Amino acid sequence: MMINSLAGSSPAAASIETGVREKESGDFQRIIRQVQQEKDDKKLKEACRDIEAVFIHLMLRQMRSAIPQGGLLPESSAAKMYRDMLDESYSSLIAGSRDSLGLADMLYRQLKEQAGESK
């Protein structure tokens with residue numbers, strides 16, 4: 001994600017940028033291992049949904065980048081940041097819905113199988 005123009009504008013913007021980067025480059029492997037050790041199915045399902053939400057968010061961002069920019073006025077950095085936060089909310093809603101992509105369910109089943117084999 002390119003928010004370099006926001007990093008110097010305010011401490012709040014820098015904090016948002018850091019949070020987004022941590023979430024996107026989050027150590028999902030560490031989270032999954034920890035959840036598997038705790039043997040908590042609810043947390044494992046939630047971690048799988050979070051992974052699906054990050055995937056959907058990246059997909060939405062790429063889809064938006066394919067749309068040609070135009071218009072009379074240039075888009076402000078605040079509008080870009082708002083749109084990215086909106087896409088992040090959309091991706092969380094999509095991943096949590098019953099009609100999601102199904103990535104979280106497939107990942108959950110695979111991780112449960114691996115946990116069963118490792119016992």
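Residues numbered from 1 in each chain as written. Predicted model: local features only at pLDDT ≥ 70, side-chain atom pairs only at ≥ 80, totals over all residues. Heavy atoms only, no water.

**As for the overall build of the protein chain**
When its secondary structure is counted, the protein chain shows six helices and zero strands. Ordered by position in the sequence, the α and β elements of the protein chain form the string α-α-α-α-α-α. When the 119 residues of the protein chain are sorted by exposure, 22% land in the buried category. At a minimum sequence separation of 6, the contacts of the protein chain that also span at least 24 residues come to 72%. Put simply, the protein chain shows about 8,600 Å² of open surface, and 56% of that area lies on carbon and sulfur atoms. (Helix = DSSP H or I, 4+ residues; strand = E, 2+ residues; numbered from the N terminus. Buried < 20%, exposed > 50% of the residue type's maximum accessible area, 1.4 Å probe, protein only. Contact = heavy atoms within 4.5 Å. Areas by Shrake-Rupley, 256 points an atom, 1.4 Å probe, with all protein chains shown as cover.)

**Some remarks on the packing of aromatic side chains**
Applying the stated rule across the entire model yields zero aromatic pairs. Over the ring of Tyr108 we find Lys45, and its NZ or CZ is 5.3 Å from the ring centre. (Phe/Tyr/Trp six-rings, centres within 6.5 Å; stacked < 30°, edge-to-face > 60°. Lys NZ or Arg CZ within 6 Å of the ring centre and 35° of its normal.)

**A closer look at the packing of helix α4 (residues 41–65) against helix α5 (residues 77–96)**
Between α4 and α5, whose axes approach to 8 Å, the crossing angle comes to 135°. In terms of their interaxial angle, α4 and α5 are classed as oblique. Judged by the sense of rotation from one axis to the other, the crossing of α4 with α5 is right-handed. Only Arg83, Asp84, Asp87, Glu88, Tyr90, Ser91, Ser92, Ile94, Ala95 and Gly96 of α5 make contact with α4, whose side of the interface consists of Arg49, Glu52, Ala53, Ile56, His57, Leu60, Arg61 and Arg64. (Axes fitted to C-alpha atoms, helices over the stretch in contact; angles between N-to-C directions. Parallel < 35°, antiparallel > 145°, perpendicular 65-115°, else oblique. Left-handed = near helix turned anticlockwise from the far one by under 90°.)

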